[in-house]
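# Topology and contacts: notes
Spelled out from the first residue to the last, the chains are:
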Amino acid sequence: MDCVFCAVVAGAEPAHLVLEEEAAVAFLDRRPLFPGHALVVPRAHHRTLADLPAAEVGPFFLCVQRVAAAVEEALGAAGSFVAANNRISQSVPHLHVHVVPRNPKDGLRGFFWPRRTYSDEAEAAAVAGRLREALRRTG
């Protein structure tokens, strides 16, 4: 198999599985930010969130929700960070959601990149308009 996550789902690649459902499989990240950092992947190969069929989004994210709750409960974490990359910074081209346990003063600083503000309300309104137009086109 070319995709390491497909191999994990198929049982051909070893992993520390934490959830096996019809919609998704979750396993520990091999290079965790903190112990308990898990990855949730759909069973079928879909590269990005946009590629996941609409009917599968709900069941998939119910699994993400369950893993996030379990990470917090099992590890006594105060919260969790839940995120997915689409293409950029996506080390494996198979949709995966990171679920990372979080605690105050754990060393992570919000997102991992610098943030900026819009130059003014007009710029923000223009960007929002572009997004609304794209959403209209894609239905």
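This text goes with the structure placed above it.
Notes on the structure in this doc start here. (Residues numbered from 1 in each chain as written. Predicted model: local features only at pLDDT ≥ 70, side-chain atom pairs only at ≥ 80, totals over all residues. Heavy atoms only, no water.)

### Things to note about the pattern of salt bridges
Taken as a whole and assessed by the stated rule, the structure comprises 5 salt bridges. With its nearest N and O atoms 3.7 Å apart, the salt bridge here joins Glu133 to Arg137. Pair noted here: Glu133 and Arg137 are both in helix 3 (residues 121–138), with a separation of 4 residues, about one helical turn. The exposure class assigned to Arg137 is exposed, which follows from its relative accessible area of 61%. Each of Glu133, Arg136 and Arg137 takes part in one network of salt bridges that share partners. (Salt bridge = Lys/Arg side-chain N within 4 Å of Asp/Glu carboxyl O. Helix = DSSP H or I, 4+ residues; strand = E, 2+ residues; numbered from the N terminus. Buried < 20%, exposed > 50% of the residue type's maximum accessible area, 1.4 Å probe, protein only.)

### Some words on the side chain of Asp29
In this structure, Asp29 sits in the loop between strand 2 (24–28) and strand 3 (38–42). One buried charge, Asp29, has no salt-bridge partner; the nearest side chain with opposite charge is Arg31, at 5.4 Å. At 2.7 Å, the side chain of Asp29 and the backbone nitrogen of Arg31 are in polar contact. If near-sequence neighbours (up to four positions away) are discounted, Asp29 is found in contact with His37, Ala38, Leu39 and His98. (Lys, Arg positive; Asp, Glu negative; His and termini not counted. Polar contact = N/O pair within 3.5 Å; in protein donor to acceptor, adjacent residues only side chain to side chain. Contact = heavy atoms within 4.5 Å.)

### Observations concerning the environment of Glu21
For Glu21, the location among the structural elements is in the loop between strand 1 (17–20) and strand 2. C-alpha separation for the pair Glu21 and Val8, spaced 13 residues apart in sequence, amounts to 13 Å. Here Glu21 is in contact with Arg43, Cys63 and Arg66, once residues within four sequence places are set aside.

### Quick look at the sheet that holds strand 4 (residues 79–83)
In sheet architecture, strand pairing relies on hydrogen bonds along the backbone and comes in two forms, parallel and antiparallel. Taking strand neighbours across the sheet as the criterion, the 5 strands line up as 1-2-3-5-4 in an open arrangement whose pairing is antiparallel. Whereas interior strands pair on both sides, the edge strands pair on one side only; in this sheet they are strand 1 and strand 4. Averaged over all adjacent pairs, the angle separating strand axes in this sheet is 20°, with direction ignored. Relative to strand 5 (residues 97–102), strand 4 runs antiparallel, the two sharing 5 bridges. Paired with Val82 across the strands is Val99, a residue of strand 5. Across the sheet, helix 2 (residues 54–75) touches strand 1, strand 2, strand 3, strand 4 and strand 5, and the angle it forms with strand 5 is around 20°. (Pairing = 2+ DSSP bridges. Axes fitted to C-alpha atoms, helices over the stretch in contact; angles between N-to-C directions.)

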